[in-house]
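This is what each chain is made of:
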Amino acid sequence: MRCCWKSLQTLESERKFRRVAKNNKYYVEMAQRYLFQNYGGQLPMAVARGKGCYLWDVEGKRYLDWIGGRGTANLGHANPRIVSAIKKQASRLLHVTNDLFIPSQIELAKLLVEKTFADRVFFCNSGAEANETAVKLARKFSKDQGRPERFEVITAKGSFHGRTLAMIAATGQEKVQKGFEPMPSGFRYVPFDDLEATAKAVDEKTCALFVEPIQGEGGVYVPSNGYLKGLRKICDENKILLIFDEVQVGLSRTGELMAHEQEGVTPDIATLAKSLAGGVSIGAVLAREEVAQSMGPGTHGCTFGGNPLATAVGIAAFRRLSSPSFLKRVRTAGEYFQKKLNELKKCHSTITEIRGRGMIWAIDFSRPVRSIVERCLREGLLLNATCEKTLRFLPPLVIEKSQINEGISILNRVLKEEIQ
Ligand SMILES: Cc1ncc(COP(=O)(O)O)c(C=O)c1O
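None of the values given here were measured: they were computed from a predicted structure. (Residues numbered from 1 in each chain as written. Predicted model: local features only at pLDDT ≥ 70, side-chain atom pairs only at ≥ 80, totals over all residues. Heavy atoms only, no water.)

1. With respect to the side chain of Ser 104
Here is step 1 of the chain: Along the chain, Ser 104 falls in helix 5 (residues 103–115).
Here is step 2 of the chain: At a separation of 2.8 Å, a polar atom in the side chain of Ser 104 contacts the side chain of Thr 311.
Here is step 3 of the chain: In this structure, Ser 104 is in contact with Pro 308, Thr 311, Ala 312 and Ile 315, ignoring residues within four places of it in sequence. (Helix = DSSP H or I, 4+ residues; strand = E, 2+ residues; numbered from the N terminus. Polar contact = N/O pair within 3.5 Å; in protein donor to acceptor, adjacent residues only side chain to side chain. Contact = heavy atoms within 4.5 Å.)

2. Quick look at the nonpolar core
Here is step 1 of the chain: In terms of nonpolar packing, the biggest core is built from 72 residues, with Trp 66, Leu 276, Ile 363, Ile 372, Leu 391, Phe 393 and Leu 411 touching the most fellow members.
Here is step 2 of the chain: Both domain 1 (41–71 + 326–419) and domain 2 (80–322) contribute no fewer than three residues apiece to this core.
Here is step 3 of the chain: Filtering out sequence-adjacent residues up to four positions away, Ile 363 remains in contact with Leu 341, Leu 344, Ile 351, Glu 353, Ile 354, Lys 389, Thr 390, Leu 391, Phe 393 and Leu 411.
Here is step 4 of the chain: Residues Cys 124, Ala 138, Phe 141 and Cys 207 belong to the second largest nonpolar core, which totals 24 residues. (Core = buried A, V, L, I, M, F, W, Y, C linked by side-chain atoms within 4.5 Å. Buried < 20%, exposed > 50% of the residue type's maximum accessible area, 1.4 Å probe, protein only. Domains from an automatic or database assignment.)

3. A short note on the site of the ligand
Here is step 1 of the chain: For the ligand, the set of nearby residues contains 13 residues, the closest of which are Gly 127, Ala 128, Asp 245, Gln 248 and Lys 274.
Here is step 2 of the chain: The separation between an oxygen atom of the ligand and a polar side-chain atom of Gln 248 is 2.9 Å.
Here is step 3 of the chain: Burial of the ligand by the surrounding chains reaches 82%, relative to a free accessible area of 390 Å².
Here is step 4 of the chain: Of the residues forming the shell around the ligand, the biggest block, three residues, is contributed by helix 6 (residues 127–144). (Near = heavy atom within 4 Å. Areas by Shrake-Rupley, 256 points an atom, 1.4 Å probe, with all protein chains shown as cover.)

4. What about the layout of surface pockets?
Here is step 1 of the chain: When its volume is computed, the second largest pocket comes out at roughly 850 Å³.
Here is step 2 of the chain: Lining of the second largest pocket is provided by 28 residues; of these, Gln 105, Val 121, Phe 122, Phe 123 and Met 295 occupy positions nearest its centre.
Here is step 3 of the chain: Among the elements of the structure, helix 5, strand 4 (120–124), helix 6 and strand 10 (283–287) are those that each provide at least two residues to the lining of the second largest pocket.
Here is step 4 of the chain: When the residues that make up the lining of the second largest pocket are grouped by side-chain class, the tally is 16 nonpolar, ten polar and two charged. (1 Å grid on protein atoms, 1.4 Å probe; cavity = no way out; pocket = protein on both sides within 12 Å on 5 of 7 lines; lining within 4 Å. Points joined across faces, edges and corners; volume = space filled by probe spheres on them. Nonpolar A, V, L, I, M, F, W, Y, C, P; charged D, E, K, R; others polar.)

Right, dumping it as C-alpha cells:
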C-alpha cells in the first residue's frame, strides 16, 4: 500500500517537475522536500555551470566564486586540462579493484613523492577519510614500535578534521560533536599555536600531534612563526609522530605546495584531498617510509581509493598545481589580494581583523555577516562565513587581478549600503 502511495506521489512530483519553471526557488523548495537538511546557511542559488572563477545559476545569472568549492576549485571551474583528462580517462576505464595495479595511481603517487617529504602514498576519497587513515596509521605505528599504550592523538582547539565519527572526535570544536556523543576515545585538545600547552599535554599515552598548519574552517588562523618547528621538536623529544592536515591549505593554497614548507618543517604524515584531482573525489595520505611500513598487507583499504579516473585526473591537476610558475602566480595574486583587503579595512570600521596567507583569507567584523553574504550573492559575489562574524575567502587560484578588483568593489559597495 505504502509502495503504491509512494509511486503515486513520485508520479505527481515528476509531473510537477516537468510543469514548473526550474529556477532557484524551485530547487530550494525541492531540496527542502527531498534532501537531508544538514547543511546550515545554504545560499538560495542552484548552480548550473562554471568556468574559471565564475559560476552561473539555473536562471543564467553569473557569480564571482570566492568560496571556490571550499578549496576544491584551486584550478578553477571546467579547467580545460581537467575536462580533457576526465574525458580521456572516462572513455578508457573508470574504476577497477585494488586487487590489480593501477598505472595512474602509481604515477600520481610517484609525483607526490617527488615533490614532497613523503616516501609513500595511500589514496582514498575525501579529507575525512585521509585523516582517519592518518590516525589509524599513527596508532598502528606505535603498536609496531612495541608501545601499545600510546594511542592518543593530541589535536588543536578550533581545528576541523572532517565529519566521520572519529574525525569529529579529533576536531576541537564542540559544535561539530554535539548530539553525536559519546565520542570515540583517543583524542585530547590543546590551544592552537600554544607550544607550552602542547608540550605539557604529551604523556605516556600520546602517539601523535595532529594539526592544520593554518586553521581553515575554524576561521583562518595562521600560527606564529616557529610553531610548526616547535611541534616537530616536541615530537622528536617524545618519539611521537607529527601529522599535518593539509586538506584545506595544501596544494598551493598558501603559495607553497604544502603549507608546512613555509617553516621548512617535515611531518611524518600529511593528508591531502579537495583539489588534488581538480574537483573529482580523492584523498591522499603521505608518509615517511618507516611509518608507511606499518600499513602492511591486509591492514587497510578503500574500494574507490586511487581509482583510474580520480588518479588520472589527479596527475593532470597535480602537475599544474605543483609547477613553479603556478606557485609564483599564487604568491603574486595573494599579495595583491592582501593589499586590497587592507585597503577595504581602512574604509570600513566594522572590519576588525584580516588574517591569512597566499590565497586563503578571512575578515573578522564587529557585527554578524549573514546579511553581507546575502547582499553579495544578489550582487553576484559568492562568499562563505565560517562563523557568525567571519568571512572566509578561498577563490580559485587562477584568479586574475581584475577579478580580485571586481570582488573587492562588490564587497565595498555592499558594506557601504549595509551601514546606511
Ligand atoms: C582541514 C580539513 N580537514 C579535513 C576536512 C574534511 O574533508 P572532506 O570534507 O573532504 O571529508 C576539511 C574540509 O573542509 C578540512 O578543511
